[in-house]
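Below are the chains, spelled out letter by letter.
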Amino acid sequence: MDYISALVPPAVMATFFTILIVTIVKSQGGPNKTKEDAFVDAALARAEAVGRAPAGGTASAAKDD
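S.K.: Help me out: how do you make sense of the overall build of the protein in this one?
M.R.: The helix and strand tally for the protein stands at three helices and zero strands. Walking the protein from its N terminus toward its C terminus, one meets helices and strands in the order α-α-α. The buried share of the protein, reckoned over its 65 residues, is 0%. Total accessible area computed for the protein in this model is approximately 5,900 Å², and 68% of it derives from carbon and sulfur atoms.

Written out as structure tokens, the structure is:
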């Protein structure tokens, strides 16, 4: 009977993981897809703009120490 108690937790986790993946796949797309895509594109553009911004005087002063 020890083998049953050893196999139940992984089986339960696998079942819930499968349900989670199915839920994620089903929720993709739909009427809000373009709004979500636009939001992500805007966030990526902001992140790239911050990464390309020139360094200020405090950053160059910190390197000299």
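S.K.: What is the right way to read helix α1 (residues 2–27) from this model?
M.R.: Since one α-helical turn is 3.6 residues long, residues separated by three or four positions face the same way. Over its 26 residues, α1 extends 39 Å from the first C-alpha to the last, a length consistent with the 38 Å expected when each residue adds 1.5 Å. Where α1 bends most, at Val 8, the angle is about 25°, and the proline Pro 9 comes one to four residues later. Immediately beyond the C-terminal end of α1, within one or two residues, lies Gly 29, with a positive phi of roughly 85°.

S.K.: Whenever I open this one, the confidence of the model for the protein confuses me. Can you help?
M.R.: Fine structural detail should not be taken from predicted coordinates in areas where pLDDT scores are low. When pLDDT is averaged along the protein, the result is 83, and 82% of the positions lie at 70 or above. Per-element averaging of pLDDT across the protein places helix α3 (residues 57–64) at the bottom with 52 and α1 at the top with 93.

Procedures and definitions
Residues numbered from 1 in each chain as written. Predicted model: local features only at pLDDT ≥ 70, side-chain atom pairs only at ≥ 80, totals over all residues. Heavy atoms only, no water. Helix = DSSP H or I, 4+ residues; strand = E, 2+ residues; numbered from the N terminus. Buried < 20%, exposed > 50% of the residue type's maximum accessible area, 1.4 Å probe, protein only. Areas by Shrake-Rupley, 256 points an atom, 1.4 Å probe, with all protein chains shown as cover. Expected span 1.5 Å × (residues − 1). Bend = angle between axes of the 7 residues up to and from the residue. pLDDT = per-residue confidence, 0-100.

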